[in-house]
Amino acid sequence: MHTRALISFWALALSAGAVFSPAGAEGVLQPSPERRAALIHLVREDCGSCHGLTLKGGLGPALLPETLAGKEAASLESTVLHGRPGTPMPPWQAFLTEAEARWIVEQLQKGFPDEIR
Amino acid sequence: MKSASVLALLVLFLAGCASVQPRGTGDLGLVVERATGAVQVVETSGKTVLGEVEGLGDLSHASAVFSRDERYAYVFGRDGGLTKVDLLARRIDQRVIQAGNSIGGAISTDGRLVAAANYTPGGVKFFDAATLAQVAEIPAIGADGKPSKVVGLVDAPGNRFIFALFEAGEIWLVEMKDPAHPKVTKFPAGKEPYDAIVSPDSRWYIAGLFGEDGLAVLDLWHPEQGVKRVLKDYGQGGQKLPVFKMPHLEGWGFVGPYALLPAVGRHEVLVVDTEKWTLAGKILAAGQPVFVVGQPGSRRVWVNFAFPDNRTVQVIDAVEKRVVKTLHPGKAVLHLEFTPRGENAWVSARDSDKLVIYDTETFEVLKTLPSSSPSGIFFTPRAHRIGW
């Protein structure tokens, strides 16, 4: 699962737009299950190098539902895609589509899922 | 006669049960299994995993220092947990949750104090190395009156510790001869120091800056001269790239008069002349360097890289200033550690769930060991190195 998720991460990074199913419960495009696993891995492990594996924060702020409460989803998506100039937060748009950034923000606001290992 | 030998065998058997074979600890080490909150106890002579110790909490970005008898490891976890692990008994000896969010630590010259660097609440706490009872605390409030995250905490000779304040841009030198009365000297350092290192001769404390080009350098032989800023224009003319993982300065990238250090936001390793404090060269590498670690007994350094180039390790000859070997140990290479005399390099590949052990002369893979999402690798000889 672990290995497959990562391989599909690279494969799908190139054609990410094509692997979204039409609509999810919240009315946003939902990544495919394989892509979801890759995104969860990316957030937990690579975002986690600054925000912590449990997303309780580190050099970067905590990304828990309570710390994100009251923040605009659109502005959070923009931070994910374009980074935050003047801080260490880099832009992730080379690795994520807008829809994927939206899905990540939505999961963060709900409580981010754990990795399936 | 016959019954006597049976009796002798029985005695031997019982003695074998009652006592553990004595063993030294100089070839032991610890591997952080990031996702499961466990550490593996390993040995580098036979290159095997001796066992696992569980229950250490959130170990993302965990690091370790060792007691001077090389029996105990002090593991600093991201969740503020400080755990004293008995490497011989392979169990937790003591454990405290000492902060909300932690980044690393150090052990004093005399081995009696363990210091932990914290993000939340920002500061350094000091613990009795035997009991983990807290003995002192220094909150990291910068000259601007605001709390800062603490980075780059190392020990220095004379029971001193040095660390940097990320937001406040300061370096603090703390003398802990009397733990009840820490003596703190503060220096302005530059914008956003992200990590620091002490040179092998314990003379220089070098902090890398994230918020601007350059390094902040404190001469520990002449602390009264203050922190000087060097290499202020190392990136001039180049475009700084987004940084997907903060570089680290831990490890010795020191070869002769040169210090080899990661360039922030660039696919380069910087070669710094530590006599003149000038840039002696830049080496183009496969990605943004994270760790640049000197191979003991050689003129080489080994480098790993930030996402998305983290499948690669490169070996650089510091004299020829070029990459001499490119390796692909596995997916998401997070850390590497040399055996004390440099004949082997142990590399952790997080997303391949393995440790890869190289012969540093032939680059042959000698062995791979299974490990669950491994990150930091720490060998006990660190116990006797200043500033590790």
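Everything numeric here is computed off the predicted structure, so don't read it as measured data.

Cut-offs and rules
- Residues numbered from 1 in each chain as written.
- Chains lettered and ligands numbered in written order.
- Predicted model: local features only at pLDDT ≥ 70, side-chain atom pairs only at ≥ 80, totals over all residues.
- Heavy atoms only, no water.
- Salt bridge = Lys/Arg side-chain N within 4 Å of Asp/Glu carboxyl O.
- Helix = DSSP H or I, 4+ residues; strand = E, 2+ residues; numbered from the N terminus.
- Buried < 20%, exposed > 50% of the residue type's maximum accessible area, 1.4 Å probe, protein only.
- Pairing = 2+ DSSP bridges.
- Axes fitted to C-alpha atoms, helices over the stretch in contact; angles between N-to-C directions.
- Disulfide = S-S within 2.5 Å.
- Bend = angle between axes of the 7 residues up to and from the residue.

Visitor: Sorry if this is basic, but what is going on with the pattern of salt bridges here?
Guide: Oppositely charged side chains are able to pair whenever their charged atoms sit close together. Per the counting criterion, the structure on display carries 21 salt bridges over all chains. For the salt bridge of Glu77(A) with Arg102(A), the shortest nitrogen-to-oxygen distance reads 3.5 Å. Of the two residues, Glu77(A) sits in helix α4 (residues 73-82) while Arg102(A) sits in helix α5 (residues 98-110), which places them 25 residues apart along the sequence. For Glu77(A), a relative accessible area of 14% gives the class buried. Overall, the relative accessible area of 31% leaves Arg102(A) in the partly exposed class. Note that Asp317(B) and Arg299(B) form a salt bridge whose closest N and O atoms lie 3.0 Å from each other. Here Asp317(B) is found in strand β26 (residues 313-317), whereas its partner Arg299(B) is found in the loop between β24 (289-294) and β25 (300-305), with 18 residues between them in sequence. The buried category is assigned to Asp317(B), whose relative accessible area is 7%.

Visitor: Help me out: how do you make sense of the sheet that holds strand β30 (residues 354-359) of chain B in this one?
Guide: Paired through their backbone hydrogen bonds, the strands of a sheet run either parallel or antiparallel. Residue and element names in this part refer to chain B. With antiparallel pairing, the four strands of this open sheet are ordered in space as β28-β29-β30-β31. Whereas interior strands pair on both sides, the edge strands pair on one side only; in this sheet they are β28 (333-338) and β31 (365-370). For this sheet the average axis-to-axis angle between neighbouring strands, irrespective of direction, equals 20°.

Visitor: Just to check I follow, could you spell out the state of the cysteines for this structure?
Guide: Linking two cysteines covalently through their sulfur atoms gives a disulfide. Counted by the stated rule, this structure contains zero disulfides over all chains. The thiol of Cys47(A) is unpaired, and the distance to the nearest cysteine sulfur, on Cys50(A), comes to 9.2 Å.

Visitor: Help me understand helix α2 (residues 33-51) of chain A, please; the structure alone is not making it clear to me.
Guide: Note on helix geometry: an α-helix contains 3.6 residues per turn, so any two residues three or four positions apart are oriented the same way. Residues and elements named next belong to chain A. At Leu42, α2 shows its maximal kink, close to 25°. When you tally the buried positions in α2, you get 15 out of 19 residues, the bulk of the element. Gly52, located one to two residues past α2, shows a positive phi value of around 90°.

Visitor: How should the sheet that holds strand β12 (residues 150-156) of chain B be read in this particular structure?
Guide: Residue and element names in this part refer to chain B. Taken together, four strands build an open sheet; the order of strands is β12-β13-β14-β15 and the sheet is antiparallel. Only two strands of the sheet have a single partner each, and these edge strands are β12 and β15 (183-188). Ignoring which end each strand starts from, the neighbouring axes of this sheet average 20° apart. With six bridges connecting them, strand β13 (residues 160-165) and strand β14 (residues 170-175) associate as antiparallel partners. Counterpart to Ala164 in the pairing with β14 is Ile171.

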